[in-house]
Amino acid sequence: MSNAQCLFCRIVAGEIPATKVAENADCLAFRDIGPQAPTHVLVIPKRHVGSLDALSDGALGAALLAMARDVARAEGIAADGYRVVTNTGANGGQSVAHLHFHVLGGRKLTWPPG
Ligand code: DGP
């Protein structure tokens, strides 16, 4: 299921270009358009899920996290450490209403977030 108005569904459909770094039947990883770290990749489900709060398929959640881990290894950031985060809803800072995990690394990341 996809949503014609959804930016990330349109990336999945190939209607909007993106630099893909990993893909399988259910998940897609591509580089963030405004990278906040030397490596900044988004991992998304191919079917439309609005946010983590709308995710009911545990197997899909596990597949997304496995792809995030595999992307970190492939990008060469796993040994030094990295961050996987999903912003959820208005207070969480979510700006695109399609579930996505940010994979960030390649520099020392600060904590806590703002
Ligand atoms: P969030 O604020 O957590 O919903 O993150 C949305 C991210 O999506 C943000 O880091 C920028 C990224 N983004 C927005 N539009 C595009 C786009 O058209 N292409 C790509 N590759 N990334 C996008």
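Preceding this section is the structure that the text describes.
Now for a description of the structure that goes with this document. (Residues numbered from 1 in each chain as written. Predicted model: local features only at pLDDT ≥ 70, side-chain atom pairs only at ≥ 80, totals over all residues. Heavy atoms only, no water.)

**Notes on the pairing of strand β1 (residues 20–23)**
Here is step 1 of the chain: Across 3 bridges, β1 lies against strand β2 (residues 27–31) in antiparallel orientation. Note on β2: the bridge partner recorded for E23 is L28.
Here is step 2 of the chain: Linkage of β1 to β2, two consecutive antiparallel strands, is achieved through a turn of 3 residues. (Pairing = 2+ DSSP bridges. Helix = DSSP H or I, 4+ residues; strand = E, 2+ residues; numbered from the N terminus.)

**Digging into the site of the ligand**
Here is step 1 of the chain: Surveying the vicinity of the ligand reveals 15 residues, the closest of which are D32, N87, S95, H100 and H102.
Here is step 2 of the chain: When the ligand is considered free in solution it has 510 Å² of accessible area, and contact with the protein chains removes 81% of it.
Here is step 3 of the chain: Elements supplying a minimum of two residues to the shell around the ligand: α1 (7–12) and β2.
Here is step 4 of the chain: By residue number, the principal contributor to the shell around the ligand is α1, which donates 3 residues.
Here is step 5 of the chain: Split by residue class, the shell around the ligand holds 7 nonpolar, 6 polar and 2 charged. (Near = heavy atom within 4 Å. Areas by Shrake-Rupley, 256 points an atom, 1.4 Å probe, with all protein chains shown as cover. Nonpolar A, V, L, I, M, F, W, Y, C, P; charged D, E, K, R; others polar.)

**Description of the environment of H100**
Here is step 1 of the chain: Looking at where H100 falls in the secondary structure, it is placed in the loop between α3 (89–92) and β5 (101–105).
Here is step 2 of the chain: Of the residues examined, H100 reaches a relative accessible area of 4% and is grouped as buried.
Here is step 3 of the chain: In this structure the C-alpha to C-alpha distance between H100 and G76, which are 24 residues apart in sequence, comes to 21 Å.
Here is step 4 of the chain: Here H100 is in contact with F8, L42, V43, I44, V85, T86 and Q94, once residues within four sequence places are set aside.
Here is step 5 of the chain: Only 2.6 Å separates the side chain of H100 from the backbone oxygen of H98, close enough to count as a polar contact. (Buried < 20%, exposed > 50% of the residue type's maximum accessible area, 1.4 Å probe, protein only. Contact = heavy atoms within 4.5 Å. Polar contact = N/O pair within 3.5 Å; in protein donor to acceptor, adjacent residues only side chain to side chain.)

**A short note on helix α2 (residues 58–75)**
Since the α-helix advances by 3.6 residues per turn, residues separated by three or four positions end up pointing in the same direction.
Here is step 1 of the chain: In a regular helix each residue adds 1.5 Å, so 18 residues correspond to 26 Å; α2 covers 26 Å between its end C-alpha atoms and thus fits that length.
Here is step 2 of the chain: Buried within α2 we find L60, G61, L64, M67, A68, V71 and A72. Buried positions in α2, seen along its axis, are confined to an arc of 140° and lie on one side of it. Residues of α2 that are exposed and point more than 90 degrees away from the buried face comprise G58, A59, R73 and A74.
Here is step 3 of the chain: Looking at the buried residues of α2, the elements they touch are β1, β2, β3 (39–45), β4 (82–85) and β5.
Here is step 4 of the chain: Sitting at the head of α2, D57 places a side-chain oxygen 3.0 Å from the backbone nitrogen of A59.
Here is step 5 of the chain: G76 sits one or two positions beyond α2 and adopts a positive phi of about 80°. (Expected span 1.5 Å × (residues − 1). Arc of directions from axis to C-beta.)

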